[in-house]
Amino acid sequence: MIPPIPLEIIDIIIEEVSSRDDKKCHDLQSCALACRNFLNPSQRRIFRSIILFATSWSTDSSTSIESYLRFQDTLNSSPHIALYIHKFALIERKKNPLFINLPSFSGTLAMLENIMILSLNFYPNYDWNDVAPQSQQALFTVLSSSKLEFLGLSGIRSLPLISAECIRKIPDVSMSDITFDPKVQVQDSQYMTSQSNWPEGRHLKSLYLDEADLIQPFLDGISPPHCRLETLTLQSVNDFPVAVNVMKKHTSYLTTLIFVTPPMSDTTQEVENNLRKLDILDIGTLCNLQTIQISVHLFGDEDPAPFKYCTRILNKARNENDIQKVIIHLNTRNLSALVQSDKLIWKELDQLLSEHRFSKLREVYFAVHASGSVQPSEYVLNGPKLPLWNYLPRLYERGVLKANDMLTLQV
């Protein structure tokens, strides 16, 4: 008689299967049917991440609802599966709420006791009052979970300000197209937890800002000790005035600043106006800042504006900072323009990152994302057509330039 395989070995086998990108779900389904001991480990991987879509252009409402109802039937017949769900994402691209207002949706959320990642994405924007009351209460229950590690919210207007009490307890938060309204009342406040019940050791550590002025009431309530921001992502130069106030409260904690600029098809005057908005930044006060990441878009022909943004932001660093890593991500539709850009701009960047204030620099990453008719074999970072070793000689000699294999192409 063949001895049974130890459960630890089975778990390793199933984890290896789940790590495969190709036909992963199909292989896990086959494993689940292989034998009883393979069932639960396979189900844990199959249902680890659930994403529900409702779009007006790819799927009609009846098909979307049918898919959701099959998922709901699965949970009702096998409630233990809900405990395996760690990530739950709801994406609606319809004029009126679909999934979130189904009578059974609140029950689905209530079953997600082990959820760690929650993402709700709506377009066009929904008003909070358009959400069914039972779904509102279910959402508050999930937001109050001490297991929730990431929250992504997009496209909800007039969230009750009291919901910020829950959101500020979540370590990683990303919000876009969100507004908070202090006038909106919560019908049942039993799901809300007060600041006096703040979980020990649990703080908001990472925040992504989009249209910061829209979520100003939320930001006004962010203050130590309940918030220790380590990573701050800024989507627009218009957010910088708000960001400055946030930075002042968290100078002892911020270690990573990420700047994401919109596509640059602006006029020269608009670019200069945006550059002036950078002047209010005071990175030098962030004594523990270690990483600066800048993502810029180059859509014009030989347009130096992205490099100007990079140098203007990096010029804000001071000797007091402890910058160890700089990441520059360039998005372009014209890779040849990027390669042929004025060498003086590259030289300025090279000199800047070689100054004493960047003496602790250990890594400089360049990532280029190019779209269009480009042959990958023609453009390789540090290759003949994009010789960063020649454009950035000082960084190359220091051994901090990390650019190989960082070029990604979308043809």
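Keep in mind the model is a prediction, meaning the values are calculated, not measured. (Residues numbered from 1 in each chain as written. Predicted model: local features only at pLDDT ≥ 70, side-chain atom pairs only at ≥ 80, totals over all residues. Heavy atoms only, no water.)

**Regarding the environment of K316**
Positionally, K316 belongs in the loop between α11 (305-314) and β10 (325-332). In sequence terms K316 and L278 are 38 residues apart; their C-alpha atoms lie 8.9 Å from each other. Leaving out residues up to four positions away in the same chain, K316 has contacts with L278, D279, L281, I283, G284 and R357. (Helix = DSSP H or I, 4+ residues; strand = E, 2+ residues; numbered from the N terminus. Contact = heavy atoms within 4.5 Å.)

**Concerning the nonpolar core**
Residues F88, F218, L232 and F259 are the most contacted members of the largest nonpolar core, which totals 99 residues. In terms of residue count, the dominant contributor to this core is helix α9 (residues 240-249) (6 residues). Residues in contact with L232, not counting those within four places in the same chain, are L207, L209, A243, V246, M247, L254, T256, L257 and I258. (Core = buried A, V, L, I, M, F, W, Y, C linked by side-chain atoms within 4.5 Å. Buried < 20%, exposed > 50% of the residue type's maximum accessible area, 1.4 Å probe, protein only.)

**Structural notes on the side chain of T311**
Within the fold, T311 resides in helix α11. Taking relative accessible area as the criterion, T311 reaches 6% and is therefore assigned buried.

**Digging into the pairing of strand β8 (residues 256-260)**
Most of β8 is tucked away: 4 of the 5 residues are buried. Note: strand β7 (residues 227-234) against β8, 4 bridges, orientation parallel. In the strand pairing of β8, T233 is matched with I258. (Pairing = 2+ DSSP bridges.)

**Structural notes on unusual backbone geometry**
The phi dihedral of S158 falls on the positive side, at around 60 degrees, and the residue is not glycine. By relative accessible area, S158 is classed as buried at 17%. Phi at D177 is positive, roughly 55 degrees, even though this residue is not glycine. By the element assignment, D177 lies in strand β5 (residues 172-181). Its relative accessible area of 32% is what places D177 among the partly exposed residues.

**Quick word on a nonpolar patch on the surface**
On the surface, a cluster of nonpolar side chains totalling about 340 Å² of accessible area is made up of I5, I9, I12 and I13. Within the fold, I12 resides in helix α1 (residues 7-18). On the accessibility criterion, I12 (57% relative accessible area) is exposed. (Patch = residues over 30% accessible without salt bridge, like charges linked within 9 Å, V, L, I, M, F, W, Y side chains within 5 Å. Areas by Shrake-Rupley, 256 points an atom, 1.4 Å probe, with all protein chains shown as cover. Salt bridge = Lys/Arg side-chain N within 4 Å of Asp/Glu carboxyl O.)

**Here we look at the side chain of T108**
Tracing the sequence through the fold places T108 in helix α5 (residues 105-111). Beyond its immediate chain neighbours, meaning those up to four positions away, T108 contacts Y68, F71, Q72 and L75.

**A word on the pairing of strand β6 (residues 204-209)**
Bridge count for β5 against β6 is 4 bridges, and the pairing is parallel. Opposite D172, over in β6, you have S206 as the bridge partner. Summarising the sheet, β6 and β7 pair through 5 bridges and their orientation is parallel. The residue bridging S206 from the neighbouring strand is T231, located in β7.

**Notes on the packing of aromatic side chains**
Enumeration according to the criterion identifies 5 aromatic pairs in this entry. Judged by centre distance (6.5 Å) and plane angle (55 degrees), the rings of Y68 and F71 are tilted. With Y68 and F71 both in helix α4 (residues 61-77) and 3 residues apart, the pair spans about one turn of that helix. F71 shares its class with Y68; the two are buried. Seen in terms of ring centroids, F88 and F105 are 6.3 Å apart; in terms of plane orientation they differ by 45 degrees. Their pairing is tilted. (Phe/Tyr/Trp six-rings, centres within 6.5 Å; stacked < 30°, edge-to-face > 60°.)

**Focus on the confidence of the model for the protein chain**
Per-chain confidence: the protein chain averages 76 in pLDDT, with 73% of residues scoring 70 or above. Mean pLDDT across the elements of the protein chain bottoms out in strand β13 (residues 407-410) (40) and peaks in strand β4 (residues 150-160) (89). Considering only residues more than four positions removed or in separate chains, one finds that residues 190-196, a stretch of pLDDT under 50, has 16 contacts. (pLDDT = per-residue confidence, 0-100.)

**Topic: the pattern of salt bridges**
In this structure the tally under the stated criterion is 7 salt bridges. Between E363 and K325 there is a salt bridge, and its shortest N-O distance comes to 3.6 Å. With E363 in strand β11 (residues 363-371) and K325 in strand β10, the pair connects residues that are 38 residues apart, well separated along the chain. Since its relative accessible area comes to 24%, E363 is described here as partly exposed. Take K325: its relative accessible area is 26%, and that puts it in the partly exposed class. Residues joined in a network through salt bridges with shared partners are D11, E15, R44, R45 and R48.

**Points about empty space enclosed by the protein**
Over the atoms, a rolled probe matching the size of one water molecule traces out where space is still vacant. The full count for this structure, using the stated rule, is 2 cavities of 30 Å³ or more. Approximately 70 Å³ is the volume found for the largest cavity. For the largest cavity, the full set of lining residues is L118, L120, W128, L139, F140, L143, L153, I156, L159, S163 and I167. For the lining of the largest cavity, the elements supplying multiple residues, two or more each, are β3 (117-127), α6 (133-143) and β4. Broken down by class, the residue content of the lining of the largest cavity amounts to 10 nonpolar, 1 polar and no charged. (1 Å grid on protein atoms, 1.4 Å probe; cavity = no way out; pocket = protein on both sides within 12 Å on 5 of 7 lines; lining within 4 Å. Points joined across faces, edges and corners; volume = space filled by probe spheres on them. Nonpolar A, V, L, I, M, F, W, Y, C, P; charged D, E, K, R; others polar.)

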